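One letter stands for each residue in the lines below.
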Amino acid sequence: MATSIRLRRICAVAVVAGGAYFTVLSDPSIASSDRGVGGSSFTAIKQRIADPFAAVPSRAVQESALMGSSSVNPLDILVVGGGATGSGVALDAATRGLRVGLVEREDFSSGTSSRSTKLIHGGVRYLEKAVFNLDYGQLKLVFHALEERKQVIDNAPHLCHALPCMTPCFNWFDVIYYWMGLKMYDLVAGRRLLHLSRYYSAQESVELFPTLARKGKDRSLKGTVVYYDGQMNDSRLNVALACTAALAGAAVLNHAEVVSFLRDEGTGRIIGARIRNNLSGKEFDTYAKVVVNAAGPFCDSVRKMADKEAKPIICPSSGVHIVLPDYYSPEGMGLIVPKTKDGRVVFMLPWLGEQLLAPLTQTPVRRTDVLSAWSGIRPLAMDPNAKSTESISRDHVVCEDFPGLVTITGGKWTTYRSMAEDAVDAAIESGKLSPTNKCVTYNLQLVGADGWDPASFTILAQQYVRMKRSYGGKVVPGVMDTTVAKHLSHAYGTFAERVAAIAQNENMGKRLAHGYPILEAEVAYCARHEYCESAVDFIARRSRLAFLDTDAARRAVPRVIQILAAEHKWDKSRQKQELQKAKEFLETFKSSRNAQFHDGKHN
């Protein structure tokens with residue numbers, strides 16, 4: 001009886017979903033034809049972003065732009081936080097013709113935005129909740145996320161792609177249940193569909209995923225259902241957002257912290273912030289008509305700067321990620337169990353040549369195979385006046401609970417663009433700003449995306465060589481092999497040729513770590529063109545070496561510091577400081593080398 005009721009509810013909501021899908025697509029408020037179209041100034045910005053020879057303004061220029069504001073000549077918007085949402089806000093506002101500044105106390109994507117599951121998803125679990133709770137609000141969240149999912153991939157195709165995800169079924173009810181549910185997911189996606197989901201038999205599934213467990217507890221594999229979501233290189237996507245915003249005219253500054261707010265003496269309204277450059281220690285004032293708080297899990301601490309009595313609106317939720325060698329699963333196929341006994345989601349995803357994992361295969365997982373492990377904090381938004389956690393939302397929240405300070409929080413990576421749009425709309429209303437056009441980020445490609453093609457790596461392989469300096473000091477040529485060429489193409493898009501040119505012309509073609517296609521030339525390029533200001537910036541956010549293999553990152557640090565020292569003119573004291581900070585940072589990751597297992601075998 002319970003089974004038949006569940007199936008009837010699925011069918012009923014499928015019909016509702018179909019009707020709602022038609023409603024959403026025909027709603028003129030979200031139709032792409034209704035998006036704002038900029039004039040000649042936006043055309044110039046778009047050309048600058050697409051220019052493969054474009055260079056972002058230097059850090060000194062960006063700092064001067066922030067310092068150059070005044071009470072009589074303020075910025076329109078000052079963004080606090082350089083994660084996905086904050087960088088998205090800066091880009092959205094700048095492309096609307098507004099004067100924009102952004103400060104980030106550490107590095108772009110140094111917090112939550114670099115510690116995600118790397119998925120760009122519509123929310124299969126939200127769809128399930130919408131079905132069984134008959135919750136139209138949850139259904140709308142899925143509609144919206146699926147629309148944004150496709151747009152994120154289209155706007156940065158070199159950093160994002162579709163990923164097939166396999167859901168194993170150990171009884172026939174699960175086969176029917178997940179097949180119907182994921183077909184509904186396809187239906188809701190509509191014209192934004194990546195690929196159709198489908199069922200595979202047990203034999204076909206094992207052929208596709210050889211390490212997949214054939215048997216569970218007294219159960220055997222009946223088959224799998226494969227559906228598609230998006231996958232991204234999260235921190236590089238975030239850095240691309242910040243650099244695109246810089247090319248659009250925003251003054252973005254990492255390693256710069258808000259220490260207090262500036263207020264109008266008459267009204268008490270926030271009119272800017274006191275900022276500390278954490279690299280130089282220098283402090284200065286930046287004036288703005290509106291401050292946007294996009295500090296993610298730390299947005300409550302920013303709100304408390306404005307009002308010590310401010311009630312929290314963040315309920316942090318953490319997730320643990322483990323990285324294993326690539327042989328645990330095939331390249332190009334993920335594995336996801338939507339629900340375990342304790343209600344968690346278990347997954348195994350191929351990512352940059354390794355595996356993001358929560359254990360689920362027949363291959364025994366050895367502790368010595370753990371290359372890296374970390375946790376990320378997701379800022380779930382809640383109503384500060386609620387008496388229980390039932391008010392916690394998976395959607396984002398925009399509020400102005402103190403005059404002049406607009407806060408944007410909650411949501412998820414997939415919807416960063418629309419979150420930014422909502423935040424800028426609120427800022428325009430708060431500050432009575434005068435943008436030159438409506439939001440134009442819906443179809444705006446990020447740096448490195450214009451003209452990029454999946455086959456672009458062949459140009460690198462054919463036209464460039466990797467000049468490497470041997471241990472004896474002799475320079476020898478090396479092949480720009482397919483692995484390195486593909487890595488550069490996907491990491492930098494159409495800008496990859498600039499990195500390859502450094503590898504060839506400046507003798508920086510050597511790999512930084514054995515087994516990984518990351519080149520010395522990337523350190524120099526990121527220092528010159530991506531605001532890479534520290535060794536940790538590079539090993540964690542410009543490359544992903546710290547997240548992929550903590551021990552390999554540790555071995556690469558001295559050479560990374562040596563190159564950055566030459567680029568930024570560091571003295572010996574600064575180099576020593578960088579080495580210590582990198583060591584401390586890597587100790588926050590857990591691997592077979594530094595984890596405390598307490599099992600008699602590891603210390």
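Since the model is a prediction, treat every value here as computed from it, not as a measurement. (Residues numbered from 1 in each chain as written. Predicted model: local features only at pLDDT ≥ 70, side-chain atom pairs only at ≥ 80, totals over all residues. Heavy atoms only, no water.)

What follows deals with the overall build of the chain. Along the chain, the regular secondary structure elements total 19 helices and 19 strands. Each of the 603 residues in the chain was classed as buried or not, and the buried ones make up 54%. Within the chain, residue pairs in contact and separated by at least 24 positions form 74% of the contacts whose partners lie at least 6 positions apart. If you sum the accessible surface of the chain, you get close to 25,800 Å²; carbon and sulfur atoms cover 54% of it. (Helix = DSSP H or I, 4+ residues; strand = E, 2+ residues; numbered from the N terminus. Buried < 20%, exposed > 50% of the residue type's maximum accessible area, 1.4 Å probe, protein only. Contact = heavy atoms within 4.5 Å. Areas by Shrake-Rupley, 256 points an atom, 1.4 Å probe, with all protein chains shown as cover.)

So, about the pairing of strand β7 (residues 251–254). Looking down a regular strand, the side chains alternate between one sheet face and the other. Residues of β7 alternate between two faces, with A251 and L253 on one and V252 and N254 on the opposite face, all of them buried. Across four bridges, the pairing between strand β2 (residues 100–104) and β7 is parallel. In the strand pairing of β7, G101 is matched with A251. (Pairing = 2+ DSSP bridges.)

Taking 1.5 Å as the rise per residue, helix α6 (residues 136–155) with 20 residues should run 28 Å; its terminal C-alpha atoms sit 29 Å apart, in good agreement. Most of α6 is tucked away: 14 of the 20 residues are buried. (Expected span 1.5 Å × (residues − 1).)

On to the confidence of the model for the chain, then. In this model, the chain carries an average pLDDT of 88, and 88% of its residues clear a pLDDT of 70 or more. With pLDDT under 50 throughout, residues 1–10 is counted as low confidence; its partners more than four residues away or in other chains account for 16 contacts. Note on residues 594–603: pLDDT is under 50 here. Beyond four places in sequence and across chains, it has 15 contacts. (pLDDT = per-residue confidence, 0-100.)

Okay, the packing of helix α5 (residues 124–132) against α6 next. Taken N-terminus to C-terminus, the directions of α5 and α6 make an angle of 150°; their axes are 8 Å apart at the nearest point. By the criterion of interaxial angle, the relationship of α5 to α6 is roughly antiparallel. When the axes of α5 and α6 are compared, the crossing they make is left-handed. Counting all contacts with α5, which are made through Y126, L127, K129 and A130, the residues of α6 involved are Q138, L139 and V142. Along the lines of polarity and charge, the residues of the contact of α5 with α6 split into five nonpolar, one polar and one charged. (Axes fitted to C-alpha atoms, helices over the stretch in contact; angles between N-to-C directions. Parallel < 35°, antiparallel > 145°, perpendicular 65-115°, else oblique. Left-handed = near helix turned anticlockwise from the far one by under 90°. Nonpolar A, V, L, I, M, F, W, Y, C, P; charged D, E, K, R; others polar.)

Those residues of helix α3 (residues 59–67) not exposed but buried are R59, Q62, E63 and L66. The arc that holds the buried residues of α3, viewed along the axis, is 95°, so those residues lie on one side. For α3, the elements touching its buried residues are β1 (75–80), β2, α9 (234–247), β7, β9 (270–277) and β10 (283–293). (Arc of directions from axis to C-beta.)

Moving on to the packing of helix α16 (residues 535–542) against helix α18 (residues 550–568). Direction vectors running N to C along α16 and α18 enclose 120°, while the axes themselves pass 9 Å from each other. Taken as a pair, α16 and α18 cross one another with a handedness that is right-handed. Across the interface between the two elements, A535, F538 and I539 from α16 touch V557, V560, I561 and L564 from α18. Here the residues of the contact of α16 with α18 sort into seven nonpolar, no polar and no charged.

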